[in-house]
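An overview of the molecular structure
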Number of protein chains: 2
Amino acid sequence: MIITLDFKSETPVYVQLRNAVVVAIGRGDLKDGEKLPTIRQLAQELGINAMTVNKAFAIMKKEGFITIDRRHGAMVTKPEGGNTEYREKLEQELTLVISEASLKGVGRKEFLDTCSGIFAMLAEGQRPVAE
Amino acid sequence: MIITLDFKSETPVYVQLRNAVVVAIGRGDLKDGEKLPTIRQLAQELGINAMTVNKAFAIMKKEGFITIDRRHGAMVTKPEGGNTEYREKLEQELTLVISEASLKGVGRKEFLDTCSGIFAMLAEGQRPVAE
DNA sequence: TTATTTGTATTATATATTATAATACAAATA
DNA sequence: TATTTGTATTATAATATATAATACAAATAA
């Protein structure tokens, strides 16, 4: 698991870590069912405190991206579908992003094409195990 | 200018204010060239400290969404186009949002339709002054 | 002119967030 | 039994956030 942290960033380390793992799952670098390193291992690899890793893991657990049990550690999981609460949050977030974008001169077409490109990029890593 | 702040939110007040103004511009509730309230006025309206408003204004000024001079106060402005730096930031942000979305069961089509809908919603408020 | 208002800056203070450190514990594993 | 796991607690330090009280030059309004 290759995760790079920017300690000069204003984004908290535990958020950076959470985001990196979510994108890694999205990209297929981490497959469904795959085990994550232990909290202490990951903390050592990244050179950060175990409690910081724990915080990121606790969030992802709550969000449904991973499951944790004491026997098998953390494991990538598909979140439950039909999440209205999430969809509302997504619409709010997109309203902000799209407002910024259109003011910055990124029009509808360019924006949608960019999104399509990202979906295509992510889909490449999501093919079954046969590669 | 109707802006509601959530003091229980974990999003800092100055970020909430900045986001609200950006969306208001995006929605056309604030038109290009329109004057914003003074920092002290807005602070009083919202029941927050003037320095907090100042921080939000300073950020938007830096981002190019508003211009400020001592004579006319703050004024909505169209940012300069051709911003490669912004476009890179946008792609990164969208990669995270789309990773989350697809893991939460929001597929390409639903996502793009949602974006299209938001663009359409924003465009309604962007017609010239003739209404 | 004078008085007021503007954005901006500074200093101080209080609180919250972030990150680390040092432990501790029950559950599970080897 | 000894070790490792996730989890929890406490303490500490640094940073971020928000408010408060001023101050100042530039511009405006009287």
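All figures in this text were calculated on a predicted structure; none of them were measured in a lab.

Turning our attention to the overall build of chain A. When helices and strands are tallied, chain A shows 5 helices and 2 strands. In sequence order, the secondary structure elements of chain A are arranged as α-α-α-β-β-α-α. Dimensions of chain A along its principal axes, counting C-alpha atoms only, are 50 × 40 × 30 Å. Sequence separation of at least 24 residues holds for 54% of the intrachain contacts in chain A that already meet a minimum separation of 6. The positive charge centre, built from 18 side chains, and the negative charge centre, built from 18, are 5 Å apart in chain A.

Moving on, we come to the protein's contact with DNA strand C. Near DNA strand C, the surroundings consist of 19 residues, among which V13, T52 and R71 of chain A together with K61 and R70 of chain B are the closest. Restricting the count to atoms of DNA strand C within 4 Å of the protein gives a sugar and phosphate share of 62%. Contact distances for DNA strand C include 3.4 Å between a base nitrogen and a side-chain N or O atom of R40 of chain A. Mapped onto the surface near DNA strand C, the elements with two or more residues apiece are α1 (13-27) and α3 (50-63) of chain A together with α2 (39-46) and α3 (50-63) of chain B. Within the surface near DNA strand C, the residues separate by chemical class into 8 nonpolar, 4 polar and 7 charged.

Turning our attention to the protein's contact with DNA strand D. Inspection of the region around DNA strand D gives 19 residues, with K61 and R70 of chain A together with V13, T52 and R71 of chain B positioned closest. In DNA strand D, the atoms that sit within 4 Å of the protein are 60% sugar and phosphate, with bases accounting for the remainder. Between a base nitrogen of DNA strand D and a side-chain N or O atom of R40 of chain B, the distance comes to 3.4 Å. A distance of 2.7 Å separates a phosphate oxygen of DNA strand D from a polar atom in the side chain of T52 of chain B. Broken down by class, the residue content of the surface near DNA strand D amounts to 8 nonpolar, 4 polar and 7 charged.

On to the interface of chain B and chain A, then. How big an interface is tends to be stated in terms of the accessible area lost upon association of its parts. Listed by partner, the interface residues are 42 residues for chain B and 42 residues for chain A. Of the roughly 4,200 Å² buried where chain B meets chain A, counting both sides, 71% is carbon and sulfur surface. A per-residue breakdown of the area chain B buries against chain A is headed by L103, K104 and F119 of chain B, which together make up 20% of the total. At the junction of chain B with chain A, the criterion picks out 4 salt bridges. Among the salt bridges present, the one from R18 of chain B reaches E100 of chain A, with a minimum N-O distance of 2.7 Å. Applying the counting rule to chain B against chain A returns 10 residue pairs in polar contact (both at pLDDT 80 or more). Every element with two or more residues in the side of chain B that touches chain A is listed here: α1 (13-27), α4 (84-103) and α5 (108-124) of chain B. Looking at the side of chain B that touches chain A element by element, the count peaks at 16 residues for α4 of chain B. Classifying every residue of the side of chain B that touches chain A by side-chain character gives 21 nonpolar, 11 polar and 10 charged.

Let us look at the side chain of S116 of chain B. Looking at the secondary structure, you find S116 of chain B in helix α5. Take S116 of chain B: its relative accessible area is 19%, and that puts it in the buried class. Of the polar contacts made by the side chain of S116 of chain B, one reaches the side chain of R108 of chain A; its length is 2.8 Å. Setting aside chain neighbours within four positions, we find S116 of chain B in contact with R108 and L112 of chain A.

Sequence positions flagged by UniProt for "domain: HTH gntR-type" (unreviewed entry) are, in local numbering, residues 11-79 of chain A. The distance from the first to the last C-alpha atom of residues 11-79 of chain A is 25 Å, and the span holds 54% helix and 12% strand.

With that settled, the discussion passes to the nonpolar core. Core analysis: the biggest nonpolar cluster contains 26 residues, and F111 of chain A together with F111 of chain B have the highest contact counts within it. Secondary structure elements with two or more residues in this core: α4 (84-103) and α5 (108-124) of chain A together with α4 and α5 of chain B. Beyond its immediate chain neighbours, meaning those up to four positions away, F111 of chain B contacts L90, L94, C115 and F119 of chain A together with V97, I98, A101 and V106 of chain B. Grouped together as the second largest cluster of nonpolar side chains are 25 residues, L46, A56, A74 and V76 of chain A included.

About the criteria used
- Residues numbered from 1 in each chain as written.
- Chains lettered and ligands numbered in written order.
- Predicted model: local features only at pLDDT ≥ 70, side-chain atom pairs only at ≥ 80, totals over all residues.
- Heavy atoms only, no water.
- Helix = DSSP H or I, 4+ residues; strand = E, 2+ residues; numbered from the N terminus.
- Contact = heavy atoms within 4.5 Å.
- Lys, Arg positive; Asp, Glu negative; His and termini not counted.
- Charge placed at Lys NZ, Arg CZ, Asp CG, Glu CD.
- Near = heavy atom within 4 Å.
- Polar contact = N/O pair within 3.5 Å; in protein donor to acceptor, adjacent residues only side chain to side chain.
- Nonpolar A, V, L, I, M, F, W, Y, C, P; charged D, E, K, R; others polar.
- Buried area = accessible area lost by both parts, 1.4 Å probe.
- Salt bridge = Lys/Arg side-chain N within 4 Å of Asp/Glu carboxyl O.
- Buried < 20%, exposed > 50% of the residue type's maximum accessible area, 1.4 Å probe, protein only.
- UniProt positions renumbered as here; feature names shortened; annotations may be inferred.
- Core = buried A, V, L, I, M, F, W, Y, C linked by side-chain atoms within 4.5 Å.

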